[in-house]
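# Report on the structure
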Amino acid sequence: IAYVTWDDKELGSLRVVSSRNGKGKTVTTEPGHYIEPSFSNDGKQVVFRRFTGGYLTSPEYSMEPGLYIADSKGGNSKRIHDSGVKPHFSADGKRVFYSNFGFSDKSSFSSVGIDGKDVREHFSGVDITEYRVSPDNQWIAFTQQFNAYVAPFALTGKSESLGSSNTSVPVKQVSKRSGSFLQWSANS
């Protein structure tokens, strides 16, 4: 289990603990503002987001926000991108998918290599608030106008428009009334 901690004086950390029992092991090397941890499929790495403090939280340790990867056993934390939210690994663990949301109603879904290179935009859409690729990289789930949808996913090398009324790719609504906090089962 990967989780984050928070203390108003000590700030936060990213920790990993066995689901069976035990004490959480701190993965991050310094205090900070950490959220959205996600394991690689093999469990050896964790990707997470580091953000800046201020206003209600301490501004200390707010340098270099972005997406980070660390060994799940601790240490070797490195920043791979300077922005993005809800990061998660590709099936082979060589890329990290993430979302970007601007000040308009348009969002994008991109990925970056775990070495911090080769940024690619895969999808963009209007009123989409969440994206999540299946563990086998065959499907993408997304939420639009409070409903959850699924569509086939392929790394085509170009950005595609995505939405519930998309005609170039089959899209299936999977929520009856609303959907959020998308997660996939291990077998996709």
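Below is a summary of the structure that appears in this document. (Residues numbered from 1 in each chain as written. Predicted model: local features only at pLDDT ≥ 70, side-chain atom pairs only at ≥ 80, totals over all residues. Heavy atoms only, no water.)

### Thoughts on the sheet that holds strand β7 (residues 78-81)
Across the sheet, 4 strands lie side by side as β4-β5-β6-β7; this open sheet has antiparallel pairing. Because the sheet does not close on itself, it has two edges, and the strands there are β4 (34-39) and β7. Adjacent strand axes in the sheet meet at a mean angle of 30° when their direction is disregarded. For β4 and strand β5 (residues 45-50), the ladder comprises 4 bridges, and the chain directions are antiparallel. Bridging from a neighbouring strand, F39 pairs with V46 of β5. (Pairing = 2+ DSSP bridges. Helix = DSSP H or I, 4+ residues; strand = E, 2+ residues; numbered from the N terminus. Axes fitted to C-alpha atoms, helices over the stretch in contact; angles between N-to-C directions.)

### Brief notes about the pattern of salt bridges
Applying the stated criterion across every chain, the model contains 5 salt bridges. For E30, the salt bridge is made with R50, and the minimal N-O distance between the two is 2.7 Å. Here the residue E30 occupies a position in the loop between β3 (25-26) and β4, and R50 occupies one in strand β5, the gap between them amounting to 20 residues. Residue class for E30 comes out partly exposed when judged on its relative accessible area of 34%. Among the residues examined, R50 registers a relative accessible area of 7% and is labelled buried. Between E160 and K158 there is a salt bridge, with its nearest N and O atoms 3.8 Å apart. Taking relative accessible area as the criterion, E160 reaches 25% and is therefore assigned partly exposed. What you see here is one network of salt bridges that share partners, running through R95, D118 and R120. (Salt bridge = Lys/Arg side-chain N within 4 Å of Asp/Glu carboxyl O. Buried < 20%, exposed > 50% of the residue type's maximum accessible area, 1.4 Å probe, protein only.)

### Focus on the nonpolar core
The biggest cluster of nonpolar side chains holds 12 residues, and these are F97, F109, F123, I128, Y131, V133, I140, F142, Y149, A151, F153 and L162. Where this core is concerned, the elements lending two or more residues are β12 (128-133), β13 (139-144) and β14 (147-152). Other than its neighbours up to four places away in sequence, F142 contacts I128, E130, Y131, N147, A148, Y149, A151, L162, G163, S164, V171 and L182. Core analysis: the next-biggest nonpolar cluster, separate from the first, contains 9 residues, A2, Y34, V46 and A70 among them. (Core = buried A, V, L, I, M, F, W, Y, C linked by side-chain atoms within 4.5 Å. Contact = heavy atoms within 4.5 Å.)

### Some details on the sheet that holds β12
Adjacent strands of a sheet pair through backbone hydrogen bonds, lying either parallel or antiparallel. Taking strand neighbours across the sheet as the criterion, the 4 strands line up as β12-β13-β14-β16 in an open arrangement whose pairing is antiparallel. For this open sheet the edge positions go to β12 and β16 (172-173), each flanked by a neighbour on one side alone. Pairing of β14 with β16, which is carried by 2 bridges, proceeds in the antiparallel orientation. Counterpart to Y149 in the pairing with β16 is Q173.

### Focus on the side chain of S111
In this fold, S111 is placed in strand β10 (residues 106-113). Of the polar contacts made by the side chain of S111, one reaches the side chain of R95; its length is 2.9 Å. Apart from residues lying up to four places away in sequence, S111 is in contact with R95, V96, F97, Y98, D118, V119, R120 and H122. (Polar contact = N/O pair within 3.5 Å; in protein donor to acceptor, adjacent residues only side chain to side chain.)

So yeah, pure geometry; function would need other evidence.
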